[in-house]
Amino acid sequence: MRVFFLVLLFSALTLAASPQQSDLSDVVLEAAVEAHGGVSAISPTIDATSFGNQTFWAGQETLQRSLRLDTSGAFQMRMTLQAANRTPKVYVSDGRLAWSQEGDRTRSIAERQAANQPNPFNPVTGLLGAYLRNAFEPTYLGLERDGNVPYHRILLQLRDPDSSRVAQGRSVDRAYEVLIEDGTFLIAEVSVVGADWASHHPELWERWQYSDFRQVEGLIVPFFIEHFHNGVEISQTELSSFTLTQHGPIFREPVGN
């Protein structure tokens, strides 16, 4: 039934591609939700744990490190990176603030950099989870091709939901562009195109590309993630496992922060 639905949707989107077309963003995003497991599988409050290995390029240095990623819902995450003979690095975000730990050192990350950012390492539980929470204002930008592969480009704008920040004139809004492959409706790429820090440093931008999609516990998730910073690839992450879990209170602020 799902394949039949996607075939019909592909035909409808192809025929609808004209200057007078209505906004197709919700149609494409709903097809992406279905392609990645459906509404019943992509709960907005889903908890998951992933393990894998990451190659990270820092200047002339190449680091091989293990990764553990715990996520809760679309915005909360705890990522632990461990390179051989090095102190583990931990990054924690609760959807409002973020902090990092390395040994006994804890560093707070500015609110304007950390707040309202869906988990980029899994766009299924991150962006689609946020979409199912009605967090985004989507806009359909058009159909484009990369070689012979057509993609739908959609702009997702996330307005700061924190009324106190908005009232104080320090709201943290986000904007993303998402490429969704036509036919499969899998998320191929996510780029940050609008953020508070981007207005101060427009030359800096982030992009994630996803591949090696696998079915795990009803979800279709990417097991290979490439991260680009300002057009340069800085890491490749290959997951070895993805499991739905119940975390408990793992997103507490570190002692001493």
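Here goes a summary of the coordinates provided. None of these values were measured; they are calculated from a predicted model.

**Points about the environment of Val28**
Thinking step 1. As for its placement among the helices and strands, Val28 is situated in helix H2 (residues 25–35).
Thinking step 2. Separated by 125 residues in the primary sequence, Val28 and Arg153 place their C-alpha atoms 9.5 Å from one another.

**Considerations on the packing of aromatic side chains**
Thinking step 1. Applying the stated criterion to the full structure yields one aromatic pair.
Thinking step 2. For the ring pair Phe136 and Tyr176, a centre distance of 6.2 Å and an interplane angle of 85° mean the geometry is edge-to-face. Note that Phe136 is positioned in strand S7 (residues 136–146) and Tyr176 in strand S9 (residues 174–181), a separation of 40 residues in sequence.
Thinking step 3. Owing to a relative accessible area of 7%, Phe136 belongs among the buried residues under this scheme.
Thinking step 4. Here Arg65 stacks its cationic end above the ring of Phe56, 4.3 Å away from the centre of that ring.
Thinking step 5. One cation-aromatic arrangement involves Arg207 over Phe228; the distance from NZ or CZ to the ring centre is 4.2 Å.

**Details of the nonpolar core**
Thinking step 1. Among the nonpolar cores identified, the biggest contains 47 residues, and Phe136, Ile180 and Leu219 are the most heavily contacted of them.
Thinking step 2. In terms of residues, this core owes the most to one element, H2, which gives six residues.
Thinking step 3. When neighbours within four sequence positions are excluded, Leu219 is seen to be in contact with His36, Ala41, Ile42, Ile46, Val124, Thr125, Arg214, Phe242 and Leu244.

**A look at helix H4 (residues 124–132)**
Thinking step 1. The buried fraction of H4 is high, at eight of nine residues.
Thinking step 2. Every buried residue belonging to H4 is among Val124, Thr125, Gly126, Leu127, Leu128, Gly129, Ala130 and Tyr131, and all of these are buried.
Thinking step 3. A positive backbone phi angle near 60° is found at Asn134, which sits one or two residues after H4.

**A word on the side chain of Arg165**
Thinking step 1. Structurally, Arg165 can be placed in helix H5 (residues 163–167).
Thinking step 2. Those residues in contact with Arg165, other than ones at most four positions away along the chain, are Arg96, Glu111, Ala115, Asn116, Asp160, Arg170, Ser171 and Val172.

So, how was this worked out
Residues numbered from 1 in each chain as written. Predicted model: local features only at pLDDT ≥ 70, side-chain atom pairs only at ≥ 80, totals over all residues. Heavy atoms only, no water. Helix = DSSP H or I, 4+ residues; strand = E, 2+ residues; numbered from the N terminus. Phe/Tyr/Trp six-rings, centres within 6.5 Å; stacked < 30°, edge-to-face > 60°. Buried < 20%, exposed > 50% of the residue type's maximum accessible area, 1.4 Å probe, protein only. Lys NZ or Arg CZ within 6 Å of the ring centre and 35° of its normal. Core = buried A, V, L, I, M, F, W, Y, C linked by side-chain atoms within 4.5 Å. Contact = heavy atoms within 4.5 Å.

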